[in-house]
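A look at the structure
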Amino acid sequence: MAMLKDVAPGCSRRLRSSPITRPLGAHSASRRPSADAAQSLGETEALKRRIYQLERSERSAKGKLLQLKEELKDVKSELGGVREEALDLQEKVDKAEQELGVANGSLQRYREWWLNEYHFVKILLTMAPAQVAGDVQTIAASSHARFADWSARHQR
């Protein structure tokens, strides 16, 4: 019955036996802030400031993340446009290379034809009789001039 000692002598029996009844020192200690309580309040305030700083940092980081997401979205859309342009240009290059191949083939056939004509005229000159040689010389000179002109324009 240690509790009965702490309760005032004039209290009723019911109050003395109540489990809610506390010693008088316990009530007065909770009403007066102690050094530990003051330290706890200081720590609480420090923690609240730290929480506020962390929340502010979080909002800032989220804002930066949203900005970076927008920039990434813009870069991706630009990349898509550049990719399409690159594909279009590659198609044009492929088509030009194909046309160049066809043109080179035609050029080679034309060159071979001219060489064939030139050599044929040279052989013809050696076989022609002397009385027709003047006409053949004119044909040969004309052919040679055409070949020289064409060769000068299409040097590789």
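This report concerns the structure included in the present document. (Residues numbered from 1 in each chain as written. Predicted model: local features only at pLDDT ≥ 70, side-chain atom pairs only at ≥ 80, totals over all residues. Heavy atoms only, no water.)

This paragraph deals with the packing of aromatic side chains. All chains considered together, the criterion is met by three aromatic pairs. Taking the centre distance of 6.0 Å and the plane angle of 85 degrees together, the rings of Tyr110 and Trp114 count as edge-to-face. Of this pair, Tyr110 and Trp114 are both found in helix α4 (residues 35-127), four residues apart, which corresponds to roughly one turn of the helix. Residue Tyr110 is classed as partly exposed on the basis of its relative accessible area of 38%. When the centroid spacing of 5.0 Å and the interplanar angle of 70 degrees are considered together, the rings of Trp113 and Trp114 count as edge-to-face. We classify Trp114 as buried; its relative accessible area is 5%. Every member of this aromatic cluster is reached through a ring pair, and the members are Tyr110, Trp113 and Trp114. (Phe/Tyr/Trp six-rings, centres within 6.5 Å; stacked < 30°, edge-to-face > 60°. Helix = DSSP H or I, 4+ residues; strand = E, 2+ residues; numbered from the N terminus. Buried < 20%, exposed > 50% of the residue type's maximum accessible area, 1.4 Å probe, protein only.)

With respect to the helices, strands and loops of the structure, Glu117 is situated in helix α4. Once residues lying within four places of it in the same chain are set aside, the contact partners of Glu117 are Ser143 and Arg146. (Contact = heavy atoms within 4.5 Å.)

By the definition in use, this model includes two salt bridges. In this structure, Glu58 engages Lys62 in a salt bridge whose closest nitrogen and oxygen atoms are separated by 3.4 Å. Of the two residues, Glu58 and Lys62 both sit in helix α4, four residues apart, roughly one turn of that helix. (Salt bridge = Lys/Arg side-chain N within 4 Å of Asp/Glu carboxyl O.)

Treat this as a map of the structure, not an account of what it does.
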